[in-house]
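Report on the structure
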Amino acid sequence: MALAREKIMEFLSEAFPDAQIDLKDLVGDSDHFAVTITSKAFSGKTRIEQHKMVYEALQGHMGTTLHALSLTTKVPTE
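Below: a short report on this structure. (Residues numbered from 1 in each chain as written. Predicted model: local features only at pLDDT ≥ 70, side-chain atom pairs only at ≥ 80, totals over all residues. Heavy atoms only, no water.)

With that out of the way, let us pick up the overall build of the protein. For the protein, the helix and strand inventory stands at 2 helices and 3 strands. Taking 12 Å as the expected radius of gyration for a compact globule of 78 residues, we find that the protein reaches 12 Å, a close match to that expectation. Seen through its C-alpha atoms, the protein measures out along the principal axes to roughly 40 × 20 × 20 Å. For the protein, with 78 residues in total, the buried portion stands at 32%. A total accessible area of about 4800 Å² is found for the protein, and carbon and sulfur atoms account for 51% of it. Put simply, the protein has 8 plus and 11 minus side-chain charges, and the middle of one group is 7 Å from the middle of the other. (Helix = DSSP H or I, 4+ residues; strand = E, 2+ residues; numbered from the N terminus. Rg over C-alpha atoms; globule rule 2.2 N^0.38 Å. Buried < 20%, exposed > 50% of the residue type's maximum accessible area, 1.4 Å probe, protein only. Areas by Shrake-Rupley, 256 points an atom, 1.4 Å probe, with all protein chains shown as cover. Lys, Arg positive; Asp, Glu negative; His and termini not counted. Charge placed at Lys NZ, Arg CZ, Asp CG, Glu CD.)

For the rest of this paragraph, the subject is the sheet that holds strand 2 (residues 32–38). Strand order in the open sheet formed by 3 strands is 1-2-3, with mixed pairing between adjacent strands. Across the chains shown, the open sheet's two edge strands, defined by having one partner strand only, are strand 1 (20–25) and strand 3 (68–74). The mean angle between the axes of side-by-side strands here comes to 10°, regardless of whether they run parallel or antiparallel. As paired strands, strand 2 and strand 3 are joined by 7 bridges and run parallel to one another. (Pairing = 2+ DSSP bridges. Axes fitted to C-alpha atoms, helices over the stretch in contact; angles between N-to-C directions.)

On to the side chain of T38. Following the sequence through the fold, T38 ends up in strand 2. Excluding residues that lie within four positions of it along the chain, T38 makes contacts with D18, A19, Q20, K74, V75 and P76. (Contact = heavy atoms within 4.5 Å.)

Any two aromatic rings considered together are summarised by their centre-to-centre distance and by the angle between their planes. Taken as a whole, this structure holds 1 aromatic pair when the rule is applied. Centroid distance F16 to F42: 5.1 Å. Interplanar angle 50°. Geometry classified as tilted. Residue F16 is located in the loop between helix 1 (5–15) and strand 1, and its partner F42 is located in the loop between strand 2 and helix 2 (47–57); the two are separated by 26 residues in the primary sequence. (Phe/Tyr/Trp six-rings, centres within 6.5 Å; stacked < 30°, edge-to-face > 60°.)

Here we take up the pairing of strand 2. Of all 7 residues that make up strand 2, 5 are buried, and the element is covered over most of its length. Of the pairings in the sheet, the one linking strand 1 to strand 2 comprises 6 bridges and is antiparallel in character. What sits directly across from Q20, in strand 2, is T38. Hairpin connection, strand 1 to strand 2: the antiparallel pair is bridged by 6 residues, and G28 has positive phi, about 80°. With helix 2 bridging strand 2 and its parallel neighbour strand 3, the resulting β-α-β unit is right-handed. (Right-handed = clockwise from strand over helix to strand, strands pointing away.)

Attention now moves to the side chain of S39. Positionally, S39 belongs in the loop between strand 2 and helix 2. Looking at S39, its side chain comes within polar contact range of the main-chain nitrogen of A41, at 3.0 Å. When residues no more than four places from it in sequence are discounted, the contact partners of S39 are F16, D18, A19, K74, V75 and P76. (Polar contact = N/O pair within 3.5 Å; in protein donor to acceptor, adjacent residues only side chain to side chain.)

Coordinates in, geometry out; function isn't part of it.
In structure tokens:
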């Protein structure tokens, strides 16, 4: 069973309330997504640490109900 786009957005919005989140269903199957997240929460973190934060926000769904996620994380520039 695939994870609905709305549920992914809910997880990410809760974990990164200040974030700009751009989530795209790549092939229309609710199983392959690309997301770009821009958040102050990533400031001072390595890319690996940032990605781990996102995976934690997905509460264990990555690799189970969410098959593929192309992930880009950014810190806002001001």
